[in-house]
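Given next are the chains, with one letter for each unit.
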Amino acid sequence: MRKTLAEHEKTLARHETQYAVINAKLTAILWALGAVGTAVIAAVVKMILGG
């Protein structure tokens, strides 16, 4: 039973690590998309207002 518990703990730790990596990558992608979106919106507003 202890062996099974140890195996499950290792599996859980590996999955938690994978989740953390995926979460970090998605956060970086969202930051990048936010920055690009902000720049595009600023350019469109500038063109519309004739700046």
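Because the structure is predicted, anything quoted here is derived from the model rather than measured.

Asker: Please provide a residue-by-residue account of the overall build of the protein, values included.
Answerer: Each helix and strand in the protein was counted, giving 1 helix and 0 strands. In terms of overall size, the protein is more extended than a compact globule, its C-alpha atoms giving a radius of gyration of 22 Å where 51 residues would be expected to give roughly 10 Å. Within the span of the protein, comprising 51 residues, buried residues form 0% of the whole. On the protein, roughly 4900 Å² of surface is accessible, and the fraction owed to carbon and sulfur atoms is 72%.

Asker: Break down helix α1 (residues 2-49) for me, with residues and values.
Answerer: With 48 residues, α1 should reach 70 Å at 1.5 Å per residue; the first-to-last C-alpha distance of 69 Å fits that figure. In the stretch just after α1, Gly50 is the one whose phi turns positive, near 75°.

Asker: For the environment of Lys10, give the residues involved together with the corresponding values.
Answerer: Its location among the elements puts Lys10 in helix α1. For the pair Lys10 and Ala24, spaced 14 residues apart in sequence, the C-alpha to C-alpha distance is 21 Å.

Rules used throughout
- Residues numbered from 1 in each chain as written.
- Predicted model: local features only at pLDDT ≥ 70, side-chain atom pairs only at ≥ 80, totals over all residues.
- Heavy atoms only, no water.
- Helix = DSSP H or I, 4+ residues; strand = E, 2+ residues; numbered from the N terminus.
- Rg over C-alpha atoms; globule rule 2.2 N^0.38 Å.
- Buried < 20%, exposed > 50% of the residue type's maximum accessible area, 1.4 Å probe, protein only.
- Areas by Shrake-Rupley, 256 points an atom, 1.4 Å probe, with all protein chains shown as cover.
- Expected span 1.5 Å × (residues − 1).

The values are spatial; any link to function lies outside them.
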